[in-house]
Each structure stands twice: as C-alpha cells, then as structure tokens.
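Next come the chains, spelled out residue by residue.
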Amino acid sequence: MKYQKTVNISSFQPSDYKTLQVGQWISQCGAKGVFLGVKPSGTIVAAWYENAKRTNNYSNYLADLRRYAKGV
C-alpha cells in the first residue's frame, strides 16, 4: 500500500482509522504526527511531532509508542 499525503483526521470516525497504515503522516488542528495504530481497546496512537522533538531518541520514542499501540 502506498502512503498518502498528510491526512487530516479531524473529521475521522473510529472505523476510518482502518484505512490508515502505520507510519502515515496525519494532522489534526494544525499539529502533525505519525499514525502508529489502534490499541485493542480502540485508543488511537500517534506520535505527534512537537512531542517527538522533545525526546532524546526519536526512534526509541516511535518504537515505544508502536509497542503501546500493539498492546505489548
């Protein structure tokens, strides 16, 4: 599956997240982030760019959030 241009998720319904693949750039209310999945509980997980900038290790930050999304 190909990635799309940044997807605005402001008007998404819960079922719409099934159309996104992990790693897809998303935006909401002007904030940009990377979609990391949906937890089994239905919680949507994304790494928001402004939060990620504050970390010392971006790849560990993404990996931790991805594990969280998977419920591991």
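Q: Hey, could you go over a nonpolar patch on the surface for me, with residue numbers and the actual values?
A: There is a patch of nonpolar side chains on the surface, built from Trp-25, Tyr-49 and Tyr-58 and spanning about 310 Å² of accessible area. Checked against the element boundaries, Trp-25 lands in strand S2 (residues 25-28). Taking relative accessible area as the criterion, Trp-25 reaches 36% and is therefore assigned partly exposed.

Q: An account of helix H2 (residues 58-70) is needed here, citing residue identities and associated values.
A: Over its 13 residues, H2 extends 18 Å from the first C-alpha to the last, a length consistent with the 18 Å expected when each residue adds 1.5 Å. Among the residues of H2, those classed as buried are Tyr-61, Leu-62, Leu-65 and Ala-69. Burial along H2 is one-sided: seen end-on, the buried residues are contained in an arc of 95°. Buried residues belonging to H2 abut strand S3 (31-38), strand S4 (44-48) and helix H1 (49-53). Once H2 finishes, Gly-71 follows within two positions and takes phi at roughly 85°, a positive value.

The rules behind each value
Residues numbered from 1 in each chain as written. Predicted model: local features only at pLDDT ≥ 70, side-chain atom pairs only at ≥ 80, totals over all residues. Heavy atoms only, no water. Patch = residues over 30% accessible without salt bridge, like charges linked within 9 Å, V, L, I, M, F, W, Y side chains within 5 Å. Areas by Shrake-Rupley, 256 points an atom, 1.4 Å probe, with all protein chains shown as cover. Salt bridge = Lys/Arg side-chain N within 4 Å of Asp/Glu carboxyl O. Helix = DSSP H or I, 4+ residues; strand = E, 2+ residues; numbered from the N terminus. Buried < 20%, exposed > 50% of the residue type's maximum accessible area, 1.4 Å probe, protein only. Expected span 1.5 Å × (residues − 1). Arc of directions from axis to C-beta. Contact = heavy atoms within 4.5 Å.

What is shown is where atoms sit, not what they do.
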